[in-house]
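Given next are the chains, with one letter for each unit.
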Number of protein chains: 2
Amino acid sequence: MPKVTEDYRAERRREIAAAALRCFSRKGFEGTSMADIIAESGLSAGAIYLHYKNKQDLVGQVVVDVLRNRSADLADIAALDPLPHPAEVVRIFVTAVTRELGGEGILVQVWAIAAREPALADLVTGLVDELSGLFTTYFTAWFRQQGLDAAAAEERARRLVPVIIGISQGYVLQAAILPRFDAPAYLDALAAIDFTAGAPVL
Amino acid sequence: MPKVTEDYRAERRREIAAAALRCFSRKGFEGTSMADIIAESGLSAGAIYLHYKNKQDLVGQVVVDVLRNRSADLADIAALDPLPHPAEVVRIFVTAVTRELGGEGILVQVWAIAAREPALADLVTGLVDELSGLFTTYFTAWFRQQGLDAAAAEERARRLVPVIIGISQGYVLQAAILPRFDAPAYLDALAAIDFTAGAPVL
DNA sequence: GTCTATATCCAGATAGAC
DNA sequence: GTCTATCTGGATATAGAC
C-alpha cells in the first residue's frame, strides 16, 4: 500500500465524519439521510460508500469517536486537587458531552438505536464501562476524602456510579426534550444531595 | 350519530392499540411498520387509517394511554402511611412503567422521537408535568415528615423532582441498553443516598 | 478515487369495490 | 366500516463512465 494513500484516506474520513456530525446536530439522527451527508460533505455518494460500508457503519464510527474524546476529559477529574464536589463533576461531564455533540438530541438518538441494534449496544456498553471506571476512580477518591477507608470507599463508589450515570443521562434527556428544562436548577439540586450518607463523619 | 357507533369505534381503537403495543414489544418502535400492526391486529390498512390519521398519531395515542395509567398508580403513593422511602417510590414507579410497556426499549424510542418531533415533545412534556406534580406532592410530604416546615419542604421538593425523574429515566435507559444492567443494585444504591441533606434533624 | 445516474426496495398512505 | 390492490415518495446502495 502506498504511503500517501493512508493519510489521504484518514483525512477524507475525518471530513466525512465532521459533515455527518453537523447534519446530526441539525436534523437529528434518524432524520439524517445519506443524501444529507453527501450534500453537506461536498462529496458524492460513490465517494462516501468507498470509505464506509454503509450508513450504520458511518454513524457508529462518528459516534464512537466523539464519545471517546469525552471520556478522555473525564480522566483528568480524578486527579484534581482539591477534589470537586460530585455535582461539579457531573456538571463538567454533561456540559462537555453536550458541547462536543453540538446538541443533546444526538445522544438520545444513539441510545434509541442501541436499544434495538445489538451491534451498537455492544459499542455503547463498552463506552459505559470505560466511563464507569473513571467515575469509580473519582468517587473512590471522594469517599476516602470523606473519611471512609479504602475498601469501603471503593465498594460505595461502585454501587453509586450507575446512579450517577443515570443522573447524567436524565440531564441529557430532559435537555433534549423538555422546552422549559432548567439546566442550572438541575445541577443545583445535585449539590444539595448527600451522596456520602452513612459515611463516618470526619 | 347512532349510539352503537361510538362504543364500537372505541372498541376498535382499543384492539388496534393493543396490537400495536404487542408489536412494539417485539420489534422495537421504529422497527415496527404499519404492515406489522396491520397483520397483528387482523384488520386491514384501510380499516386502521379510518381510526388513526397516520402512524405518528397512532403511536402517540398508544403511548399516552399507557403512561397515563402509570401516573394514576403514582397518585396513590403520596397518600400512603407511613410514607415510603424515596428509593421505594422510584422502585414502584419504574417497575410499573417497565412492566406495562412490556419492555424498556419502547420508552427510549419515544424519547428519541420526542427529541425531533415537536408534536410528540409537547405530549411528553405534558406527561412529565403531570408526573412532576405527583412527585412534588410526595416529596413535600416526605420532607415535612423529615422535619421541614411546609414552605421549605415544598421548595426543596420542587428542586429535587427533576433529578428524581432523571434517575428514573437513567434506570429505564440502562435497563434497555446494557445487557449486564443490575436493576436491584441500582435501586439499592438509591436507598443509600440522603435526599434530605441539610434538613433539620428531628 | 470520484462522479452521475439509476436500480431496487420498502414504507406510508389512498382509491374504490363491496 | 372494511377489504384489496395500488400509488407515490424517498431512502440506500451500486454500476459504469471518467
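See the structure above.
## Some words on the packing of helix H9 (residues 183-191) of chain A against helix H8 (residues 150-177) of chain B
Packed helix pairs are specified by the crossing angle of their axes together with the interaxial distance, meaning the distance between the axes.
Right, on to step 1. Between H9 of chain A and H8 of chain B, whose axes approach to 8 Å, the crossing angle comes to 90°. By the criterion of interaxial angle, the relationship of H9 of chain A to H8 of chain B is roughly perpendicular. Contact residues: H9 of chain A offers Tyr 186, Asp 188, Ala 189 and Leu 190 of chain A, while H8 of chain B offers Arg 159, Leu 160, Pro 162, Val 163 and Gly 166 of chain B.

## Focus: the interface of chain A and chain B
Right, on to step 1. Listed as interface residues are 43 residues of chain A and, on the opposing side, 44 residues of chain B.
Right, on to step 2. Summed over both sides, the interface between chain A and chain B buries roughly 3,300 Å², with carbon and sulfur atoms accounting for 66% of that surface.
Right, on to step 3. The largest contributions to the chain A side of the interface with chain B come from Arg 116, Val 163 and Ile 177 of chain A, which together make up 15% of the buried area.
Right, on to step 4. Put simply, chain A and chain B have two salt bridges between them.
Right, on to step 5. Among the elements of the structure, helix H6 (105-114), helix H7 (118-145), helix H8 (150-177) and H9 of chain A are those that each provide at least two residues to the side of chain A that touches chain B.
Right, on to step 6. Here the element with the most residues in the side of chain A that touches chain B is H8 of chain A; it accounts for 14 residues.
Right, on to step 7. Classifying every residue of the side of chain A that touches chain B by side-chain character gives 26 nonpolar, eight polar and nine charged.

## Comments concerning the protein's contact with DNA strand C
Right, on to step 1. Near DNA strand C lie 16 residues; those nearest to it are Tyr 8, Arg 12 and Ser 44 of chain A together with Met 34 and Lys 55 of chain B.
Right, on to step 2. Here the atoms of DNA strand C within 4 Å of the protein split so that 68% fall in sugar or phosphate, with bases taking the remainder.
Right, on to step 3. Contact distances for DNA strand C include 2.8 Å between a phosphate oxygen and a side-chain N or O atom of Tyr 8 of chain A.
Right, on to step 4. Ser 44 of chain A has a polar side-chain atom sitting 2.6 Å from a phosphate oxygen of DNA strand C.
Right, on to step 5. For the surface near DNA strand C, the elements supplying multiple residues, two or more each, are helix H1 (3-27) and helix H3 (45-51) of chain A together with helix H3 (45-51) of chain B.
Right, on to step 6. Class assignment of the residues belonging to the surface near DNA strand C gives a composition of seven nonpolar, six polar and three charged.

Rules used in this analysis
Here the residue numbers are simple positions, counted from 1 along each chain's written sequence. Here chains are named by letter from A upward and ligands by number from 1 upward, in the order in which they appear as written. Local features are withheld for residues below a pLDDT of 70 in this predicted model, meaning they are given only at 70 or higher, and side-chain atom pairs are given and counted only at 80 or more; totals for whole chains, interfaces and linings count all residues. Only hydrogens and water are set aside when side-chain values are computed; all heavy atoms of the structure are taken into account. The convention used is that axes are lines fitted to C-alpha atoms, helices contributing only their stretch in contact, and that angles between N-to-C directions extend from 0 to 180 degrees. By the criteria applied, helices consist of DSSP H or I runs no shorter than four residues and strands consist of E runs no shorter than two, each listed in order from the N terminus. Every angle not falling under 35 degrees, over 145, or within 65 to 115 is termed oblique; those three ranges are roughly parallel, roughly antiparallel and roughly perpendicular. Note on definitions: a residue-residue contact is assigned when non-hydrogen atoms from the two residues lie within 4.5 Å. In short, buried area is how much 1.4 Å probe accessible area vanishes from two parts on joining, totalled over both. Counted as salt bridges are all cases of a side-chain nitrogen of Lys or Arg within 4 Å of a carboxyl oxygen of Asp or Glu. We call Asp, Glu, Lys and Arg charged. Ala, Val, Leu, Ile, Met, Phe, Trp, Tyr, Cys and Pro are nonpolar, and the rest, Gly among them, are polar. Definition of nearness: a residue and a molecule or strand are near each other if at least one heavy atom of the residue lies within 4 Å of the molecule or strand. We call two N or O atoms a polar contact when they sit within 3.5 Å, provided that within protein one can donate a hydrogen and the other can accept it, with sequence-adjacent residues counted only if both atoms are side-chain atoms.

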